[in-house]
Amino acid sequence: MATEWIQNGKVRARITEDGALEVACTGLTTQTKYYKTLLKEFFRKDFPRLRPGYGDYSVHIVMEHLGEAPWMDLDNLAKALLDSLTGNVFEDDHQVARLLVERREGERDGIWMRAEALG
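Residues numbered from 1 in each chain as written. Predicted model: local features only at pLDDT ≥ 70, side-chain atom pairs only at ≥ 80, totals over all residues. Heavy atoms only, no water.

Visitor: Just checking my understanding: could you explain the side chain of Glu22 for this structure?
Guide: Checked against the element boundaries, Glu22 lands in strand 3 (residues 21–26). Among the polar contacts listed, one links the side chain of Glu22 to the side chain of Arg14, at a separation of 2.9 Å. Contact partners of Glu22, with chain neighbours within four places excluded, come to Trp5, Arg12, Ala13, Arg14, Thr16, Trp112, Met113 and Arg114. (Helix = DSSP H or I, 4+ residues; strand = E, 2+ residues; numbered from the N terminus. Polar contact = N/O pair within 3.5 Å; in protein donor to acceptor, adjacent residues only side chain to side chain. Contact = heavy atoms within 4.5 Å.)

Visitor: Is there a simple way to think about the pattern of salt bridges in this case?
Guide: Once the charged atoms of two side chains with opposite charge are near each other, the side chains can pair. Inspection of every chain in the model, using the stated rule, returns eleven salt bridges. Glu102 is the partner of Arg104 in a salt bridge, and the nearest nitrogen-oxygen pair spans 3.6 Å. Residue classification places Arg104 among the partly exposed positions, given a relative accessible area of 36%. A relative accessible area of 23% means that Glu102 is categorised as partly exposed. One salt bridge connects Glu116 with Arg114, and the closest N-O pair in it is separated by 3.3 Å. A single salt-bridge network, built from bridges that share partners, covers Arg14, Asp18, Glu22, Arg114 and Glu116. (Salt bridge = Lys/Arg side-chain N within 4 Å of Asp/Glu carboxyl O. Buried < 20%, exposed > 50% of the residue type's maximum accessible area, 1.4 Å probe, protein only.)

Visitor: Hey, could you run me through the packing of aromatic side chains in this one?
Guide: For any pair of aromatic rings, the description rests on two quantities: the centre-to-centre distance and the angle between the ring planes. Evaluation of the coordinates by the stated rule reveals four aromatic pairs. An aromatic cluster is present here, built from Phe42, Phe43 and Phe47 joined pairwise through their rings. Above the ring of Trp5, the side-chain terminus of Arg12 is found at 4.0 Å from the ring centroid. (Phe/Tyr/Trp six-rings, centres within 6.5 Å; stacked < 30°, edge-to-face > 60°. Lys NZ or Arg CZ within 6 Å of the ring centre and 35° of its normal.)

Visitor: In this structure, what is going on with the side chain of Asp83? I would like to understand it.
Guide: Position of Asp83 among the secondary structure elements: in helix 2 (residues 74–85). The buried category is assigned to Asp83, whose relative accessible area is 17%.

Limitation: the analysis is restricted to geometry and does not speak to function.
Shown next, in the form of structure tokens:
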């Protein structure tokens, strides 16, 4: 059974029925390092039940925007978000065996991420 969303400010997260971590963050900034700090603090203070796992992981990241896409390098966004998961979901981001990062028009500005163990 999926856990309820836990939210603090712009960030909310939950563990899905299949054990994946889903994270949503409202709003966008071109300062991608902002997300690393924001999510690390959220995991430390508001979502402390995470324990880093071993083995391979799959991570899917979606940046949604209204209107024109913001000037943001998706590789830098991915690095900041993976850094926020390091020590929380997995021991090191070299454990990410599958990574999908995409930008698309959506109903609101924000970031969505799903991280799950493979196998």
